[in-house]
Amino acid sequence: MIMKRILALLALVLCITACNKNNADLITINEIVNVQNGLLVNDAGVRYSLSDHDMLSQLMSLKRVFIIGQIEPVSNQSYDYKLYLMQFIGVNVKDCVKSSEITDDDKLGHDPVHLSTCWLDGGYINASLAFSYNTYNGYQGVANIVFDQTRSTAKDLYFILRNNQEGKTWENESLSPGELEFGTGIYSFEYTSLLDPSYKGD
């Protein structure tokens, strides 16, 4: 029995060592990619091919996806890396709302939203947002970015983050703390169509 345990432990150590050796050349990534023609392509144009092709069917209905995984360089003209996908989150892709086109300001809401991080890439304002929501119905916020046309110029663009939770927030909801949770979402707001084509930059 003792010998079996020793052999089993030795086999486990060898397996861990082998796995670590095989993964030594893999690069861990976490980024937003676009689903294009059966590949995942980041905003810099780097192309990833999923190692698990069955998982691709889950992504085909999405336009942009936040992924966490490991990549392996390959010699292939069709793509640049093989992707071992560990986790993915669908990205909410929306256009910015022009302030001149707002007909009902209250529809955009005045509820708080937590901005975890924000960055520009691929012609999008990308944002990771957190909302409080009711654990019973799963309702969470409807976020939008308003393009402030009054303040914006050809050089400087001004945006306002708005959130509508119909007042169902930590401050206003008449629920116990256990009935409210935080839910997160990743958004991409397209903004390049708002740029003045005559402006060439400094």
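Values in this document were obtained by computation on a predicted structure and should not be read as measured data.

(A) Representation of the side chain of Ser-152. Relative to the assigned elements, Ser-152 resides in the loop between strand 10 (142-147) and strand 11 (159-164). Ser-152 gets classed as buried once you look at its relative accessible area, which sits at 14%. Among the polar contacts listed, one links the side chain of Ser-152 to the backbone oxygen of Asp-148, at a separation of 2.6 Å. Here Tyr-158 takes part through its backbone nitrogen, which lies 2.8 Å from a polar atom of the side chain of Ser-152.

(B) How the structure looks around the confidence of the model for the chain. Averaged over all residues, the pLDDT of the chain is 80; the fraction at 70 or higher stands at 75%. No element of the chain has a lower mean pLDDT than helix 1 (residues 2-22), at 34, and none a higher one than strand 2 (residues 39-42), at 96.

(C) Representation of the pairing of strand 1 (residues 27-36) in the model. Examined bridge by bridge, strand 1 and strand 4 (residues 64-73) share eight bridges and lie antiparallel to one another. Within strand 4, the position partnered with Glu-31 by the bridge is Ile-67. With four bridges connecting them, strand 1 and strand 2 associate as antiparallel partners. Among the inter-strand pairings, Val-35 is bridged to a residue of strand 2, identified as Leu-40.

What counts, and where the lines are drawn
Residues numbered from 1 in each chain as written. Predicted model: local features only at pLDDT ≥ 70, side-chain atom pairs only at ≥ 80, totals over all residues. Heavy atoms only, no water. Helix = DSSP H or I, 4+ residues; strand = E, 2+ residues; numbered from the N terminus. Buried < 20%, exposed > 50% of the residue type's maximum accessible area, 1.4 Å probe, protein only. Polar contact = N/O pair within 3.5 Å; in protein donor to acceptor, adjacent residues only side chain to side chain. pLDDT = per-residue confidence, 0-100. Pairing = 2+ DSSP bridges.

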